[in-house]
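A closer look at the structure
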Amino acid sequence: KDSIKIIDIYHEDFILNPGQKLKDLLSFLNVEVFEDYIEKCSRIVFKEPHKSRVNIEWPEELVKSVQENINKYAFLKRYTFDS
């Protein structure tokens, strides 16, 4: 039986080190790494995350629902609604 392989790459980690994270992804996919490609891609990555959710006011029950859904998934454990 084939197993499913998954790589987790977090947005914040990618922003901090886009070149390495892109290399990790390409390696995971068994795709050849070209340094000029890595360099060009790294140049267009934002310098910090944009939290568009702060542009609106969220009802408390919706915030609670979002947090409950975050809590369901291990790969989201590093996040909270406010982070």
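Cut-off values and rules
- Residues numbered from 1 in each chain as written.
- Predicted model: local features only at pLDDT ≥ 70, side-chain atom pairs only at ≥ 80, totals over all residues.
- Heavy atoms only, no water.
- Axes fitted to C-alpha atoms, helices over the stretch in contact; angles between N-to-C directions.
- Helix = DSSP H or I, 4+ residues; strand = E, 2+ residues; numbered from the N terminus.
- Parallel < 35°, antiparallel > 145°, perpendicular 65-115°, else oblique.
- Left-handed = near helix turned anticlockwise from the far one by under 90°.
- Contact = heavy atoms within 4.5 Å.
- Nonpolar A, V, L, I, M, F, W, Y, C, P; charged D, E, K, R; others polar.
- Phe/Tyr/Trp six-rings, centres within 6.5 Å; stacked < 30°, edge-to-face > 60°.
- Buried < 20%, exposed > 50% of the residue type's maximum accessible area, 1.4 Å probe, protein only.
- Lys NZ or Arg CZ within 6 Å of the ring centre and 35° of its normal.

Considering the packing of helix H2 (residues 18-28) against helix H3 (residues 35-43)
The description of two packed helices rests on the angle between their axes and on the distance between the axes. Axis separation between H2 and H3 bottoms out at 9 Å; the angle between their running directions is 130 degrees. Between H2 and H3, the angle is such that the two are oblique. Of the two possible hands of crossing, H2 and H3 adopt the one that is right-handed. Taking contact as the criterion, the partners of Pro18, Gly19, Leu22, Lys23 and Leu26 in H2 are, on H3, Glu35, Tyr37, Ile38, Cys41 and Ser42. Class assignment of the residues belonging to the contact of H2 with H3 gives a composition of six nonpolar, two polar and two charged.

Some details on the packing of aromatic side chains
On inspection of all chains with the given rule, the structure shows three aromatic pairs. For the ring pair tyrosine 10 and tyrosine 79, a centre distance of 5.9 Å and an interplane angle of 50 degrees mean the geometry is tilted. A residue pair is termed long-range when its members are at least 10 positions apart, and tyrosine 10 in the segment before helix H1 (11-16) and tyrosine 79 in the segment after helix H4 (60-71) qualify at 69 residues. The exposure class of tyrosine 10 is buried, given its relative accessible area of 19%. Over the face of the ring belonging to phenylalanine 81 we find arginine 53, whose NZ or CZ atom lies 5.7 Å from the ring centre. In this structure, arginine 78 is placed above the aromatic ring of tyrosine 10, and the distance from its NZ or CZ to the ring centre is 4.2 Å.

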